[in-house]
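Given next are the chains, with one letter for each unit.
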Amino acid sequence: MGGTPPGPARAALEEFLPRVDLVARAVRAQCLRAQEVAPSAGDLLVPGGPDGEHPEIHRRLTRTATACAQVAEAAAMVRVAGADGDPVDPGLLAAVERAVVKAETLADLR
């Protein structure tokens, strides 16, 4: 969390990092399982996408990516708010938590 001074806000953000990492690993595992069932034609394609064998993977991947982007956006707001060393509004940290929970739910971790 470079750029975030030591303190409660930085500690809270650092606690979110492993959870977001688990989300990324879970989504990757889902894609690998789908790839085994319905291989894609290219390296950068979500398995089974063009032919529709796994439309749920596409929807979930898109929604999970959006939730992860929301985590990053909320974390950036915490960093900006705490850059001068002032206490961070708890509502900003709550927004990070909500986005992390949403991503975890979409990745079937909750």
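Residues numbered from 1 in each chain as written. Predicted model: local features only at pLDDT ≥ 70, side-chain atom pairs only at ≥ 80, totals over all residues. Heavy atoms only, no water.

Visitor: Residues and numbers for helix H1 (residues 8–37), please.
Guide: In this model, H1 (30 residues) spans 45 Å end to end at C-alpha, consistent with the 44 Å of a helix rising 1.5 Å per residue. Of all the residues in H1, the buried ones are Ala9, Ala12, Leu13, Phe16, Arg19, Val23, Ala26, Val27, Gln30, Cys31 and Ala34. Buried residues in H1 make contact with helix H2 (55–82) and helix H3 (90–106). (Helix = DSSP H or I, 4+ residues; strand = E, 2+ residues; numbered from the N terminus. Expected span 1.5 Å × (residues − 1). Buried < 20%, exposed > 50% of the residue type's maximum accessible area, 1.4 Å probe, protein only. Contact = heavy atoms within 4.5 Å.)

Visitor: Residues and numbers for unusual backbone geometry, please.
Guide: The residue aspartate 108 is not glycine, and still its phi comes out positive at about 60 degrees. We classify aspartate 108 as exposed; its relative accessible area is 53%.

Visitor: An account of the pattern of salt bridges is needed here, citing residue identities and associated values.
Guide: Summed over all chains, the structure comprises 6 salt bridges. Residue glutamate 14 pairs with arginine 10 through a salt bridge whose shortest N-O separation is 3.1 Å. Highlighted residues: glutamate 14 and arginine 10, both in helix H1, separated by 4 residues, approximately one helical turn. Overall, the relative accessible area of 36% leaves glutamate 14 in the partly exposed class. (Salt bridge = Lys/Arg side-chain N within 4 Å of Asp/Glu carboxyl O.)

Visitor: Can you tell me about the packing of H1 against H3, naming the residues and giving the values?
Guide: The geometry of H1 relative to H3 is characterised by a closest axis approach of 10 Å and an angle of 10 degrees between their N-to-C directions. The angle between H1 and H3 falls in the class roughly parallel. Residues Ala9, Ala12, Leu13, Phe16, Arg19, Val20 and Val23 of H1 lie in contact with H3, whose contacting residues are Leu93, Val96, Glu97, Val100, Val101, Ala103 and Glu104. (Axes fitted to C-alpha atoms, helices over the stretch in contact; angles between N-to-C directions. Parallel < 35°, antiparallel > 145°, perpendicular 65-115°, else oblique.)

Visitor: Now, about the environment of alanine 38: what can you tell me, with residues and values included?
Guide: Within the secondary structure layout, alanine 38 lies in the loop between H1 and H2. Separated by 16 residues in the primary sequence, alanine 38 and histidine 54 place their C-alpha atoms 8.0 Å from one another.

Visitor: So what about the nonpolar core? Which residues, and what values?
Guide: Formed by Ala9, Leu13, Phe16, Val71, Ala74, Ala75, Val78, Val88, Val96, Ala99 and Val100, the largest nonpolar core amounts to 11 residues. When residues of this core are traced back to their parent elements, those giving at least two are H1, H2 and H3. Among the elements that line this core, the one with the most residues is H2, at 4 residues. Grouped together as the second largest cluster of nonpolar side chains are 10 residues, Val27, Cys31, Ala103 and Leu106 included. (Core = buried A, V, L, I, M, F, W, Y, C linked by side-chain atoms within 4.5 Å.)

Visitor: Give me the side chain of threonine 64: which residues, what numbers.
Guide: Considering the arrangement of structural elements, one finds threonine 64 in helix H2. Of the polar contacts made by the side chain of threonine 64, one reaches the backbone oxygen of arginine 60; its length is 2.7 Å. Leave out the neighbours within four places in its chain, and threonine 64 touches Val23, Val27, Ala103, Leu106 and Ala107. (Polar contact = N/O pair within 3.5 Å; in protein donor to acceptor, adjacent residues only side chain to side chain.)

Visitor: Hey, could you go over the side chain of glutamate 104 for me, with residue numbers and the actual values?
Guide: Relative to the assigned elements, glutamate 104 resides in helix H3. Residue classification places glutamate 104 among the buried positions, given a relative accessible area of 8%. If sequence neighbours within four positions are ignored, glutamate 104 has contacts with Arg19, Val23, Leu109 and Arg110.

Visitor: Give me the lowdown on the packing of H1 against H2, citing residues and values where you can.
Guide: Each pair of packed helices can be described by the angle between their axes along with the distance between the axes. At their nearest, the axes of H1 and H2 sit 11 Å apart, and the two run at 165 degrees to each other. The orientation of H1 relative to H2 falls into the category roughly antiparallel. Along this stretch, H1 crosses H2, giving a crossing that reads as left-handed. On H2, the residues touching Ala9, Leu13, Val20, Val23, Val27, Gln30, Cys31 and Ala34 of H1 are Ile57, Arg60, Leu61, Thr64, Cys68, Val71, Ala75, Val78 and Arg79. Of the residues in the contact of H1 with H2, the class split is 13 nonpolar, 2 polar and 2 charged. (Left-handed = near helix turned anticlockwise from the far one by under 90°. Nonpolar A, V, L, I, M, F, W, Y, C, P; charged D, E, K, R; others polar.)

What is shown is where atoms sit, not what they do.
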